[in-house]
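Next come the chains, spelled out residue by residue.
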Amino acid sequence: MYEQLSFLPATPAEISSPTLYLLQDLDSSPKNLRKALRRSSEQGEEFKVQNISVEGITCVAAYGHIGATRKPPWLGALNRLIDEPVELTNRRAGAAVLLPVAGRVFAVCFGFGHLLLEAESLVSSFGMDYMRRVVEPGSLKELTHTRMDARVYTDRSSTARGQHAREFELDEYGEICSRMAGTAWATGLTAERDARSRKSGLRVSGGASLKVPLAVDATHLVADLRTIAATLEQEPNPGLDLLSRIDALPTTDPLVKTLDERLAEALGSPDGLQRTTFTPPEALHDHLPESSALRVRLPGRPKYVLTDEVTTETFRDLLHRHPAADRLAALRKARIQLVSDVETDEPVGGSTSALRWVSAEITHNDGHFLRHENKWRRTGADHLKFIDAELHALFEASRRYEIPSWPTRDEAAELKLKDANEGGYNELVGRRLGWAVLDKAMIRCALHPGGFEGADLVTPDGTLVHVKRAKGSDALSHLGVQGWVSADALRTETDANSDFVATVTKKSPGFPQDFFVPRRVLFAIALKTGTDLTPDSLFTMSKISLLKTARALRRIGIEVDVQGIDYRARAVEDRLVEQQRKAARQAQAPAGTAAP
């Protein structure tokens, strides 16, 4: 038996700004509502969870202190500086009220109450869905958007005064917009009864959550939630079409099941993994500045594994152990959690299902689909045609270089190269063409104290050559980042330029000693499949990543060339070696089992 409580009435004009979430896959029963709470909220001594009544609606409230018994990770360092022992604990107050209204379930959160909720229960697009329906297109003050490239790069743009969505210079190919802030009028909310609010509008922001002024008393709070639920049924504001060039498929769309099946099949093949990457869900974006590491727990494994990066390789063995029908379920059971760093392993936010981190692209029945934030989205055909046209133009305008084919292992040994990988290939190019080999040489400056790779090779005329043997979209994206960081630093940082010139001179004594001005960059790419590098052989995320880098470099006066490296002979050898390794593993595996 749970205690039944009621909110005390308050003045209708009294307004607060809690954080509002919309929950999914729940009915209105208290037992079911509790499934949206993290287990620690139910079991922790510092928490109280109980049924309450709000305007006659049975709800669930959870409140207490988060981290009340956890000592901060820096306490040891502090004690070394102070002569007497210091005892401190983290105490962050939070509360969440789970309130079913109008066929939906809302979570009204106060303080750190959002940390009490299971991330899987949140509708990640809720805040944005509401914002698209109430915000004036010319009053946007902040926009968070994610680029459709292999890095899934997220940018947060803001302006002191409101501006139109067009002025945020979104990628014309379409970006996934995940959060915005702006001004709304005629929302129907209680807060608009105030004359000043009616005139100036309400300041609202939304992403996975919604920050909007809500009434404090039970009657008007429930009325506000009903208004929000009704607003979600309306059509989005046509003035915000720039924010929805990528259409989300409803979960009831039969295509969703088909795409999930296609994704599960792709996850079991090397080629499929090239079209998949892992990126933090929007609900965790606010915690990213606090985190520099992650921990991953695979199903059936009692312990987490600490890592500074989550990639498709992290889950390769897990995916190969399961048939296609079970792969998504296996990823759903795997957990990823942000932590402060590898040394302290301090959790930042809650752990989430690895499946929610999966971003992927699939072509199906002449349609192109992108999976992001556990949702499938259809990209516009016109945008994809524009991407292809620009990429073809980039390839056609590129200068051609007499770069050699990638050597096989036997050829590398015969030529006495350092290895048969990128280092050996760079050495081969340097011998054949007389280019300076910088392979792995780090250029250091105040802006990049850890150093950056200036280039793999430098031609006599100063062209910066970046070489990559690529298997998936991630590698090509990293190549683009390397090319941009190098060119930008060499243009703007004197100390970086001096270190670069000194490094190249050691390899090529005739290199000019003056301030080096980069004029041209060559991206030389070998596809591990042995396929020729053409605009049509790249996946969409790789295409966009390459185009964005080329555009950025051209804006600062640097020409860009792209050329493939012949990898056909080496690809045949690689496949043969992998078959031999697999046969060896199979021979060593217990009878009746399959080699991974």
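Residues numbered from 1 in each chain as written. Predicted model: local features only at pLDDT ≥ 70, side-chain atom pairs only at ≥ 80, totals over all residues. Heavy atoms only, no water.

## What about the overall build of the chain?
Each helix and strand in the chain was counted, giving 17 helices and 28 strands. Residue burial in the chain is summarised as follows: out of 596 residues, 52% are buried. The contacts of the chain with a sequence gap of at least 6 include a subset with a gap of at least 24, amounting to 67%. (Helix = DSSP H or I, 4+ residues; strand = E, 2+ residues; numbered from the N terminus. Buried < 20%, exposed > 50% of the residue type's maximum accessible area, 1.4 Å probe, protein only. Contact = heavy atoms within 4.5 Å.)

## Comments concerning the sheet that holds strand 17 (residues 335-339)
Pairing is antiparallel across the open sheet formed by four strands, whose spatial order is 16-15-17-18. Where the open sheet ends on each side, the last strands, each with one partner, are strand 16 (305-307) and strand 18 (352-353). The sheet contact formed by strand 15 (residues 293-297) and strand 17 spans five bridges and is antiparallel. Opposite Val296, over in strand 17, you have Ile336 as the bridge partner. (Pairing = 2+ DSSP bridges.)

## What to know about helix 4 (residues 126-134)
A large share of helix 4 lies buried, amounting to seven of its nine residues. Residues Phe126, Gly127, Met128, Tyr130, Met131, Arg132 and Val134 constitute the buried set of helix 4.

## Observations concerning the sheet that holds strand 28 (residues 559-564)
Ordered by their spatial adjacency, five strands build an open sheet running 22-25-26-27-28, and the pairing between neighbours is mixed. Sheet topology places strand 22 (436-437) and strand 28 at the edges, where each strand pairs with a single neighbour. Pairing of strand 22 with strand 25 (residues 457-458), which is carried by two bridges, proceeds in the antiparallel orientation. In the strand pairing of strand 25, Ala436 is matched with Val458. With respect to the sheet, helix 13 (residues 422-433) is in contact with strand 22, strand 25 and strand 26 (464-470), its orientation differing from that of strand 26 by roughly 140°. (Axes fitted to C-alpha atoms, helices over the stretch in contact; angles between N-to-C directions.)

## Regarding the packing of aromatic side chains
Taken as a whole, this structure holds seven aromatic pairs when the rule is applied. Here Tyr401 and Trp435 contribute two aromatic rings whose centre-to-centre distance is 6.1 Å and whose plane-to-plane angle is 85°, an arrangement assigned as edge-to-face. Remark: Trp435 occurs in the loop between helix 13 and strand 22 and Tyr401 occurs in the loop between helix 11 (381-397) and helix 12 (409-414); sequence separation between them is 34 residues. On the basis of relative accessible area, Tyr401 is assigned to the buried category, the value being 11%. Geometrically, the ring pair formed by Trp406 and Tyr567 is edge-to-face, given 5.6 Å between the ring centres and 70° between the ring planes. With Trp406 in the loop between helix 11 and helix 12 and Tyr567 in the loop between strand 28 and helix 17 (568-588), this residue pair connects regions lying 161 residues apart in the sequence. (Phe/Tyr/Trp six-rings, centres within 6.5 Å; stacked < 30°, edge-to-face > 60°.)

## A few points about the pattern of salt bridges
Applying the stated criterion across every chain, the model contains 14 salt bridges. For Arg132, the salt bridge goes to Asp129, with nearest N and O atoms at 3.5 Å. Highlighted residues: Arg132 and Asp129, both in helix 4, separated by three residues, approximately one helical turn. Overall, the relative accessible area of 14% leaves Arg132 in the buried class. (Salt bridge = Lys/Arg side-chain N within 4 Å of Asp/Glu carboxyl O.)

## A word on the pairing of strand 17
Within strand 17, five of the five residues are buried, which leaves it mostly tucked inside the rest of the structure. Judged by which residues are buried, strand 17 turns out to be covered on both faces: Arg335, Gln337 and Val339 on one side and Ile336 and Leu338 on the other are all buried. Note that strand 17 and strand 18 share two bridges and pair antiparallel. Within strand 18, the residue paired with Arg335 across the bridge is Ser353.

## Topic: unusual backbone geometry
In this structure, Asp25 takes a positive phi of about 60° despite not being glycine. Topologically, Asp25 is positioned in the loop between strand 2 (19-23) and helix 1 (30-33).

## Here's the deal with the nonpolar core
A general trend in soluble globular proteins is that nonpolar side chains are found buried together. Core analysis: the biggest nonpolar cluster contains 40 residues, and Leu20, Leu99, Phe106, Phe126, Leu210, Leu225 and Ile228 have the highest contact counts within it. Once you skip the residues sitting within four places of it in the chain, Phe126 turns out to touch Leu20, Tyr21, Leu22, Phe106, Gly207, Ala208, Ser209, Leu210, Ile228 and Leu232. In this structure, Ala436, Leu464, Leu490 and Phe511 belong to the second largest nonpolar core, which totals 38 residues. (Core = buried A, V, L, I, M, F, W, Y, C linked by side-chain atoms within 4.5 Å.)

## Thoughts on the confidence of the model for the chain
Mean pLDDT over the chain: 83, with 85% of residues reaching 70 or higher. Scored below 50 in pLDDT, residues 1-12 shows 26 contacts in the model against residues more than four places distant or in partner chains. (pLDDT = per-residue confidence, 0-100.)

## A word on the environment of Ala102
As for its position among the elements, Ala102 is in the loop between strand 5 (92-101) and strand 6 (104-111). Residues Ala102 and Ala230, spaced 128 residues apart in sequence, show a C-alpha to C-alpha distance of 8.3 Å. With near-sequence residues (within four places) excluded, Ala102 lies in contact with Arg226 and Ala229.

## Some remarks on helix 13
Here helix 13 is 12 residues long and its end C-alpha atoms lie 16 Å apart, about the 16 Å a rise of 1.5 Å per residue gives. Within the span of helix 13, buried status applies to Glu422, Gly423, Gly424, Tyr425, Asn426, Leu428, Val429 and Gly430. Packing partners of the buried residues in helix 13 comprise strand 22, strand 25 and strand 26. Phi for Gly434, located one or two positions after helix 13, is positive at around 75°. (Expected span 1.5 Å × (residues − 1).)

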